[in-house]
Amino acid sequence: MKRIEAVNDFVIKFANVNGTGSASANNMFAKSLFRMGLPISPKNIFPSNIQGLPTWYEVRVNEKGYLGRRGGVDMMVCMNPQSMAKDIQEVESGGYFFYDSSKPLDLRMMRSDIHFIGVPLKDLCQREYSDARQQQLFRNIIYVGALSALLDIEFEVLTGLVSDQFRGKEKLITPNVRALEIGYHYAAEHYQCPLGIRVERRDAVGDQILIDGNTAASLGAIYGGATVAAWYPITPSTSVVDGFDKYCKRLRIDPGSGSKNYAIVQAEDELAAIGMVIGASWNGARAFTATSGPGISLMSEFLGLAYFAEIPTVLIDVQRAGPSTGMPTRTQQSDVLACAYASHGDTKHVLLFPSTPRECFEMTAEAFDLAESLQTPVIMLTDLDLGMNDTMSPPLVWDDKREYQRGKVFNEEQLEAMSERFGRYLDVDGDGIPYRTYPGTHPTKGAFFTRGTSRDEYAVYTEDGDAYEKNMQRLLKKWDTAKNLVPMPEIIDASKGGGKVGVIHFGTSREATLEAVDTLAAEGIGIDTLRIKGFPFHKSVDAFIEQHDTVFVVDQNRDAQMRTLLVNECLVSPRDLISILNYNGTPISARKIREEIIAVLRGDNVRPIHKKKMVKESV
Amino acid sequence: MTYIRPAFRHPDLPRNDLGFTRKDYEGAISTLCAGCGHDSISAAIVQACFELSIAPHKVAKMSGIGCSSKTPTYFLGNSHGFNSVHGRMPSVATGANLANRDLIYVGVSGDGDTASIGMGQFTHVVRRNLNMMYVVENNGCYGLTKGQDSATADIGSASKKGEPNHFEPIDLASIALQLGATFVARSFSGDREQLVPLIKAAISHRGFAFIDVISPCVTFNNNPKSTKGYEHVRDHLAATGTVDYVPFKQEISAEYEQGQSKEVTLHDGSVVHLHKADPELNISSRRSALRLIKDYKAKDQILTGLLFMDENSQDLHEILGTSKTPLRDLGAAELCPGQKVLDKLNESLR
């Protein structure tokens, strides 16, 4: 029988039941590879449920550093009888299926082209532990021990992780190490170890860290000077504010008084959450909220107010699969249009698209500078994949000389020295951005009335059509100013200017896109890439589309929302942009991107025909 | 209704402790209908702030949408104001207050803005005991959209169109009491003598101070069949008693009958002195207040005055334990932990 042979390049998937304590065992497994210097990308695939339903944990190991989903499973660790039939089918031919052999396998599920590795986990546990809860918890550790033998994971790395995990609870170290040993010895005695797939120590991660995007974003909020967080719990954004709370307790308690240099309010709903953010920002604090799709729908009215009344507002949208409640624990990039044009009337919002935890950190901090500089909502769009999965990332960096950009705010002295009347909505500098004042600044100058109704340059209510139009035009001018303030796209000009094919991508499509482009380059197909990091689009996005005969846009949603946004905001015809879509709730894979690009380049008639000539000759 | 306010002011206008005249507390000319109860409430707020010697710019005026929510334009012209979205003033006020605990927050809302679209936010701002005064200008109808019944309209009460209301009214004062509001009062826009001291006490109270002010809509809900018209309210008014607000450092001058009066000292040393008309009232008991509201309603009377207060309440900042320095005044030195801390964090994530 064929056997998959691979060193440091495979996908292993754990099928568990949620609520059984498998998460920490699986994390330990992934981290052991990371500590052996191997790039990994673990992904949690979990249900909207607390106990009893199937949950999966997929880890890709790749020493070249490709972190996107590859597609396919080389080894399945099956701990869930409920999903077993399907899990067996998912294994690649020649792959491995690890299961608890305390009970014999159902013969109907057997496949002749994969290798079955049985370890009697339940029996081993019953022999060793009398307590039922312990039997369950240690069963997870035992399979990690067995994998250590099967995949050649350095045992000392695992014991080191156990010691780190139970620092302060030393009593738990010995029994955990014992469980690892039980698994290791059983596998070593009963199977030829290692298997065809295995790991070897490398130095391929450098100084990188393993962190999820939500935690990184919460640290970005702390470093960015946020003092007020208002939120309503919603998966997958909850851990942003959880992280903010956790790190504020460590980093934001006044050493003298013990009082908090921050405030977190769990609001009654998303409407109230964004209302609080707007109120706090209006009053001069840096405030933010985090939510997901349904929250964006609810916050839309308030986003229109913040846009029109020009109040800085920072919002982190950790996207999940919609519409409606959709698949609340699965990933998607399907709030792009809802965020770009949130609220009734003519509105547009500044968007940021991070691709890595480090960018989640940096862009969250930057969002406060942008929101205050532009006096408008700034929405950072991340997703469940980046937000909730531990992701390898360059370390977090902060320039200690950096100063917060608080935007145009008149203080008491400036107001005192002012001889002319203060005009809250006057375009003094010609960039569309007016000056504001915080409440309580000056006894007789600078007060104004903030409202969602139309008003003149002095914030006085008016329904005069000319005044309204002038104000709307100024908001457009401000939008133009924003184009040069939001992060520039990341362009990889692989063809050094000669390329005919380009791929536009954003957010979590980055890893899979770059891998697909790499493999195509190895086959002689040179493709340039442009990663969108912000909206409004920089003029280089237009230029990139113009320069390439065939341009693909990678979107993780059904309706090609980024493509729509490009068509709407750039001077391009819809026929110039070919969509690559993925919206099944799992992150897009490099294989899928590669196959779709090849299909189009070969001229397979699977997509609308491009207006310009097909670039068959480049294949 | 006047559109022009004379610029001339008498040079000897009385000044308060801070040297401000009443004029410094006025706002733009009202554009509400002539005789609107809301304008009397605005005037009462002006008088209360003047007499309390509050620096006008230290007040933030918050409102939602509707006739009542327009009124912050018509008082305290030197204060910042925020006319937010319909029913959402409580959340905006909460955020504003979190950013700067040192300002005075005056919220003005209506019965539509609070009892219908804003019911959710209202109940939660009460629960959080946000330090603010929340006034509902309650006329039982939607004025700006021309007179539809609101959720506070009494059963059988009819608006201008004549159609009686069939639905159970929401009594905001009772709801505030049940949800733990730490200061609850009811008044009538036509009773300035009662309203001004109530507003003063509400502003001085630390925590959520709620005043439900019956404020007739002269245009759409002031007919004989309405229970929120001037005539009906005047005929059915009963007061808990006379309320005096005595600022700190002033002698209590009023004399009260033995056994019928109650003094409450606020956190800043000022005193609320209540001369009770009904010996049944115990203003430190929610149950007493709730029962009396019901009893009077059964007699077809509207009980006004101070109904309940808890002078020892903890506001949201005290509950959260936030810094005494307003959060908005903190700078990078207090807020940003710097690269050294990040280095350690990075190390723990390897």
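Residues numbered from 1 in each chain as written. Chains lettered and ligands numbered in written order. Predicted model: local features only at pLDDT ≥ 70, side-chain atom pairs only at ≥ 80, totals over all residues.

On to the overall build of chain A, then. Per the secondary structure count, chain A includes 19 helices and 23 strands. Here the C-alpha atoms of chain A give a radius of gyration of 27 Å, agreeing with the 25 Å that 2.2 N^0.38 yields for 619 residues. Taking the principal axes of the C-alpha coordinates as reference, chain A spans close to 90 × 70 × 40 Å. Taking all 619 residues of chain A together, the buried fraction comes to 53%. Considering only contacts within chain A whose residues lie at least 6 apart along the sequence, 75% involve residues at least 24 apart. (Helix = DSSP H or I, 4+ residues; strand = E, 2+ residues; numbered from the N terminus. Rg over C-alpha atoms; globule rule 2.2 N^0.38 Å. Buried ≥ 20, exposed ≤ 12 C-beta atoms within 10 Å, placed from the backbone. Contact = placed C-beta atoms within 7 Å.)

When its secondary structure is counted, chain B shows twelve helices and 13 strands. Whereas a compact globule of 350 residues would reach a radius of gyration of roughly 20 Å, chain B reaches 21 Å, a difference of no more than 12%. Reported as C-alpha extents along the three principal axes, the dimensions of chain B are approximately 75 × 50 × 50 Å. Counting only residues that meet the buried cut, chain B has 54% of its 350 residues in that class. Excluding contacts between residues fewer than 6 apart, the proportion of contacts in chain B whose partners are at least 24 apart in sequence is 70%.

Below, the discussion takes up the sheet that holds strand β3 (residues 40-45) of chain A. All names here are of chain A. The mixed open sheet is built from six strands, whose spatial order is β3-β4-β2-β5-β6-β7. Each end of this open sheet is capped by a strand with a single partner; those strands are β3 and β7 (115-119). Across this sheet, the average inter-strand angle for adjacent strands is 15°, counted without regard to direction. Here strand β5 (residues 73-78) pairs with strand β6 (residues 91-100) via five bridges, running parallel. (Pairing = 2+ DSSP bridges. Axes fitted to C-alpha atoms, helices over the stretch in contact; angles between N-to-C directions.)

This part covers the nonpolar core. Membership of the largest hydrophobic core comes to 261 residues, with the highest contact counts inside it found for V228 of chain A together with V184 of chain B. Per-element accounting of this core gives the leading share, eleven residues, to helix α4 (residues 132-151) of chain A. (Core = buried A, V, L, I, M, F, W, Y, C linked by C-beta atoms within 7 Å.)

We now examine unusual backbone geometry. Residue and element names in this part refer to chain A. The omega torsion across G322 and P323 is -5°, close enough to zero to call that bond cis. Relative to the elements of secondary structure, P323 occurs in the loop between β13 (313-319) and α11 (336-340). A cis amide bond links F535 to the next residue, P536, at an omega of 10°. Inspection of the secondary structure puts P536 in the loop between β21 (534-535) and α17 (539-547). A positive phi angle, near 50°, is found at Q375, a position not held by glycine. What makes Q375 buried here is the crowd of 23 C-beta atoms within 10 Å.

Here we come to the packing of helix α1 (residues 37-52) of chain B against helix α7 (residues 192-204) of chain B. Each packed pair of helices is defined by two parameters, the angle between the axes and the distance between the axes. Residue and element names in this part refer to chain B. Between α1 and α7, whose axes approach to 9 Å, the crossing angle comes to 55°. One way to sum up the angle between α1 and α7 is to call them oblique. Here α1 runs over α7; the crossing is right-handed. Between α1 and α7, the contacting residues are S40, I41, A44, I45, Q47, A48, E51 and L52 on the first element and R192, L195, V196, I199, K200 and I203 on the second. By residue class, the composition of the contact of α1 with α7 is nine nonpolar, two polar and three charged. (Parallel < 35°, antiparallel > 145°, perpendicular 65-115°, else oblique. Left-handed = near helix turned anticlockwise from the far one by under 90°. Nonpolar A, V, L, I, M, F, W, Y, C, P; charged D, E, K, R; others polar.)

To continue, consider the domain arrangement of chain A. Buried accessible area, meaning the area lost when the parts come together, often serves as the stated size of an interface. Residue and element names in this part refer to chain A. When its domains are assigned, chain A resolves into domain 1 (6-198), domain 2 (211-393), domain 3 (408-467) and domain 4 (490-618). Relative placement of domain 2 and domain 3: their C-alpha centres are 27 Å apart. Of the residues lining the interface, nine residues belong to domain 2; the matching set on domain 3 comes to eight residues. Among the elements that take part in the side of domain 2 that touches domain 3, helix α10 (residues 293-309) stands out by supplying three residues, more than any other. The residue makeup of the side of domain 2 that touches domain 3, split by class, is five nonpolar, three polar and one charged. (Domains from an automatic or database assignment.)

So, on to the sheet that holds strand β1 (residues 59-63) of chain B. With respect to topology, nine strands assemble into an open sheet ordered β17(A)-β2(B)-β1(B)-β3(B)-β4(B)-β8(B)-β7(B)-β13(B)-β9(B), the strand pairing being mixed. In the strand order of this sheet, the two ends are held by β17 (449-451) of chain A together with β9 (237-239) of chain B, each with one partner. Each adjacent strand pair in this sheet contributes to an overall mean axis angle of 20°, direction not counted. For β17 of chain A and strand β2 (residues 80-83) of chain B, the ladder comprises three bridges, and the chain directions are parallel. Directly across from T450 of chain A, in β2 of chain B, lies its bridge partner F82 of chain B. In the packing of α1 of chain B onto the sheet, contacts are made with β1, β3 (104-110), β4 (132-138) and β8 (208-214) of chain B, and the angle to β4 of chain B comes to roughly 155°.

Attention now moves to helix α1 (residues 22-35) of chain A. Residues and elements named next belong to chain A. Taking 1.5 Å of rise per residue, 14 residues should cover 20 Å, and α1 covers 20 Å from first to last C-alpha, within 8% of that figure. Within α1, eleven of the 14 residues are buried, which leaves it mostly tucked inside the rest of the structure. Where α1 is concerned, the buried positions are S22, A25, N26, M28, F29, A30, K31, S32, L33, F34 and R35. G37, located one to two residues past α1, shows a positive phi value of around 80°. (Expected span 1.5 Å × (residues − 1).)

Quick look at the interface of chain B and chain A now. The partner chain A presents 54 residues to the 48 residues of chain B that form the contact. Those elements that place two or more of their residues in the side of chain B that touches chain A are β2, α3 (89-99), α5 (119-128), α11 (332-335) and α12 (339-348) of chain B. The greatest single-element share of the side of chain B that touches chain A, amounting to eight residues, is contributed by α3 of chain B. Here the residues of the side of chain B that touches chain A sort into 21 nonpolar, 21 polar and six charged.

Moving on: the pairing of strand β15 (residues 377-383) of chain A. Residue and element names in this part refer to chain A. Taken across its seven residues, β15 has seven buried, putting it largely inside the fold. Going residue by residue along β15, you find P377, I379, L381 and D383 tucked away on one face and V378, M380 and T382 tucked away on the opposite face as well. Bridge count for β13 against β15 is seven bridges, and the pairing is parallel. Bridge assignment links Q319 to a residue of β15, and that residue is D383. Running through helix α12 (residues 357-374), the crossover from strand β14 (residues 350-352) to the neighbouring parallel element β15 is right-handed. (Right-handed = clockwise from strand over helix to strand, strands pointing away.)

Right, let's get into the pairing of strand β23 (residues 577-581) of chain A. Residue and element names in this part refer to chain A. Across the five residues that make up β23, a large majority, four, are buried. Relative to β23, strand β22 (residues 550-555) runs parallel, the two being bridged by five bridges. Of the residues in β23, the one forming a bridge with V553 is S579.

Residue and element names in this part refer to chain A. Close contact between α1 and α4 brings their axes to 9 Å; oriented N to C, the two are set at 20°. In terms of orientation, α1 and α4 fall into the roughly parallel class. Here α1 and α4 pass one another in a crossing that is right-handed. Counting all contacts with α1, which are made through S22, A25, M28 and F29, the residues of α4 involved are N140, I141, V144 and L147. Taken together, the residues of the contact of α1 with α4 break down into six nonpolar, two polar and no charged.

Glancing now at helix α16 (residues 510-522) of chain A. All names here are of chain A. Taking 1.5 Å of rise per residue, 13 residues should cover 18 Å, and α16 covers 18 Å from first to last C-alpha, within 8% of that figure. Taken residue by residue, α16 has R510, E511, A512, T513, L514, E515, A516, V517 and L520 as its buried positions. Against the buried residues of α16 lie β19 (501-506), β20 (528-532), β22 and α19 (590-601). Directly after α16, the chain includes G524, whose backbone phi takes a positive value near 90°.

Let's shift gears to the confidence of the model for chain B. All names here are of chain B. On average, residues of chain B score 90 in pLDDT, and 93% of them are at 70 or above. Low pLDDT, under 50, characterises residues 249-259; the stretch is placed with seven contacts to residues that sit more than four places away or in other chains. The ipTM, which scores confidence in the relative placement of chains, is 0.94 for this predicted complex, and the corresponding pTM is 0.95. (pLDDT = per-residue confidence, 0-100.)

Further remarks concern the environment of Q208 of chain A. Tracing the backbone through its elements, the reader meets Q208 of chain A in the loop between β8 (197-198) and β9 (209-212). Put simply, Q208 of chain A and T391 of chain A are 183 residues apart on the chain and 9.8 Å apart in space, counted from C-alpha to C-alpha.

Scored by pLDDT, chain A has a mean of 95; 97% of the residues are at 70 or more. Low pLDDT (under 50) marks residues 613-619 of chain A, which in the prediction has 15 contacts with non-local residues, meaning those over four places away or in another chain.

A few words on the environment of S215 of chain B. All names here are of chain B. Along the chain, S215 falls in the loop between β8 and α8 (230-235). Counting along the chain gives 75 residues from S215 to G140, while the straight-line C-alpha distance between them is 8.7 Å. When residues no more than four places from it in sequence are discounted, the contact partners of S215 are G37, H38, I41, E137, N138, N139 and S189.

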